[in-house]
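# Structural overview
Residue strings, one per chain:
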Number of protein chains: 2
Amino acid sequence: MDSKRGDAVERILLSARKNIEEHGILGLRVADVAEQAYSSLTQIYRYFGNRDGLLARVLGDIYDEYLLRGLETLMDRLSGHEQLTTRAVVDAIPPLTSPMVVHAQGVRLQILAAAVTNEQLRDRLAEITKLNLKRWNNALDELESRLAPGEKFDRRVFTVALSMQMGYYRTLMGDDGFTDEEYHQYLVDKLTS
Amino acid sequence: MDSKRGDAVERILLSARKNIEEHGILGLRVADVAEQAYSSLTQIYRYFGNRDGLLARVLGDIYDEYLLRGLETLMDRLSGHEQLTTRAVVDAIPPLTSPMVVHAQGVRLQILAAAVTNEQLRDRLAEITKLNLKRWNNALDELESRLAPGEKFDRRVFTVALSMQMGYYRTLMGDDGFTDEEYHQYLVDKLTS
């Protein structure tokens, strides 16, 4: 990609992101995105095909960033430990009730819901999900290699159970739901069994 | 509620549901709902407060029906068994890849996403979620009482793990994801450990 075209694409993406932050996913108006990016509708449609294509790119990027940040946060928290225990790995998972996690739930939910009616976004999220599985398997390889003698975990808890987890359901349970401590104990039990 | 008011409310709810089926959650136009229900904007706002209130009622009802149907389907499939095994309980869970389940995922996702920006809907979903937890605990009491001698299950797999499960993530994994058989084996392992 030549740099002039690259600059235009970057400006459009930045403008679309700002527009989404202000008006939500559904409020995105391509004409406003064009104006704020010193671009035109014609140019945006040339680069992204249509409104769905633009959304697939921007929302896919945001979705991917959230996933990456989640994994990086976990690995950073464990970087101080020379030898790991399964309990330490579980305790490094951010609590489901933390404001950061609750915020990320809302963003991810809205992007996933948009994918139900936006096929290009669905394809992009499928790609990202598969890439994310690979990243997690690499991270789990590393964590397993650092486990203290006698420690073990069943990685299916990550690749089967946690990979399908939607924390928003826990938020909806309110005071009737399990506590963060009960949740961590559950994970330790299932990882070590 | 007198029957005349009750009839009007029923007509409005039916009309709103039709409108959502045709145009999606976001396309719901209260003026169209009023017209198709032989009602008026004034009447709808008197009964439901505002557009969010109407959506909270209709989408909450749909959400609740999906949850109820999920539990009833499971219990129906197990009704033929006098004595249960943990494997039979797991095999009665509909596969994540079945068209019925994939369709339900999309509907639930869109309703959950709408709740992120509609406080009345969020409150309603929280109520429904808590009611659903009670229903599941009652169902699990019954299933446990019917387990064959020597069989057991850890009900946290249902109340902690499955209650937070978003099958749409599995759909996004495509061929890179675990199979239905691997998933059932995982559940059996974790329920019995």
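Residues numbered from 1 in each chain as written. Chains lettered and ligands numbered in written order. Predicted model: local features only at pLDDT ≥ 70, side-chain atom pairs only at ≥ 80, totals over all residues. Heavy atoms only, no water.

### A look at the overall build of chain A
Helix and strand counts for chain A come out as ten helices and zero strands. Going from the N terminus to the C terminus, chain A shows its helices and strands as α-α-α-α-α-α-α-α-α-α. Here chain A holds 193 residues, and the buried ones make up 50% of them. By element, 51% of the accessible surface of chain A is carried by carbon and sulfur atoms, the whole surface being about 9600 Å². (Helix = DSSP H or I, 4+ residues; strand = E, 2+ residues; numbered from the N terminus. Buried < 20%, exposed > 50% of the residue type's maximum accessible area, 1.4 Å probe, protein only. Areas by Shrake-Rupley, 256 points an atom, 1.4 Å probe, with all protein chains shown as cover.)

### So, the relation of the copies chain B and chain A
Least-squares fitting of chain B to chain A yields an RMSD of 0.0 Å, with the transformation described by 0.0 Å of translation along the axis and a rotation of 180 degrees. Each copy turns onto its partner about a two-fold axis. When C-alpha positions in chain B are compared against the rotation axis, the closest is assigned to B:Gln165, at 2.5 Å. Most of the interface of chain B is mirrored in chain A, where 100% of its interface residues again form contacts. (Least-squares fit on C-alpha atoms with pLDDT ≥ 70 in both. Contact = heavy atoms within 4.5 Å.)

### Let's talk about the pattern of salt bridges
Residue and element names in this part refer to chain A. With the rule as written, the count across this model stands at 24 salt bridges over all chains. The shortest N-O distance in the salt bridge between Glu142 and Arg146 comes to 2.9 Å. Of the residues examined, Arg146 reaches a relative accessible area of 18% and is grouped as buried. Between Arg156 and Asp154 there is a salt bridge, with the nearest N and O atoms lying 3.0 Å from each other. (Salt bridge = Lys/Arg side-chain N within 4 Å of Asp/Glu carboxyl O.)

### Observations concerning the interface of chain B and chain A
Listed as interface residues are 44 residues of chain B and, on the opposing side, 44 residues of chain A. Both sides together, the interface formed by chain B and chain A hides about 3900 Å², and carbon and sulfur atoms give 68% of it. The interface formed by chain B and chain A includes four salt bridges. Close ionic contact of B:Arg156 with A:Asp189 constitutes a salt bridge, the shortest N to O distance being 2.9 Å. On the surface where chain B and chain A come into contact, there are twelve residue pairs in polar contact (both at pLDDT 80 or more). (Buried area = accessible area lost by both parts, 1.4 Å probe. Polar contact = N/O pair within 3.5 Å; in protein donor to acceptor, adjacent residues only side chain to side chain.)

### With respect to the confidence of the model for chain A
Mean pLDDT over chain A works out to 93, with 99% of the residues at or above the 70 mark. If you check the scores for this complex, the pTM reads 0.91 and the ipTM reads 0.89. (pLDDT = per-residue confidence, 0-100.)

### A short note on helix 1 (residues 3-23) of chain B
Count 3.6 residues to each turn of an α-helix, and residues three or four apart come out pointing the same way. Residue and element names in this part refer to chain B. Between its terminal C-alpha atoms helix 1 stretches 30 Å, which fits the 30 Å expected from 21 residues at 1.5 Å a residue. All buried positions along helix 1 are accounted for by Gly6, Ala8, Val9, Ile12, Leu13, Ser15, Ala16, Asn19 and Ile20. Summarising the contacts, the buried residues of helix 1 are in contact with helix 2 (30-36), helix 3 (41-48) and helix 4 (51-78). Where helix 1 terminates, the next one or two residues include Gly24, which has phi positive at roughly 80 degrees. (Expected span 1.5 Å × (residues − 1).)

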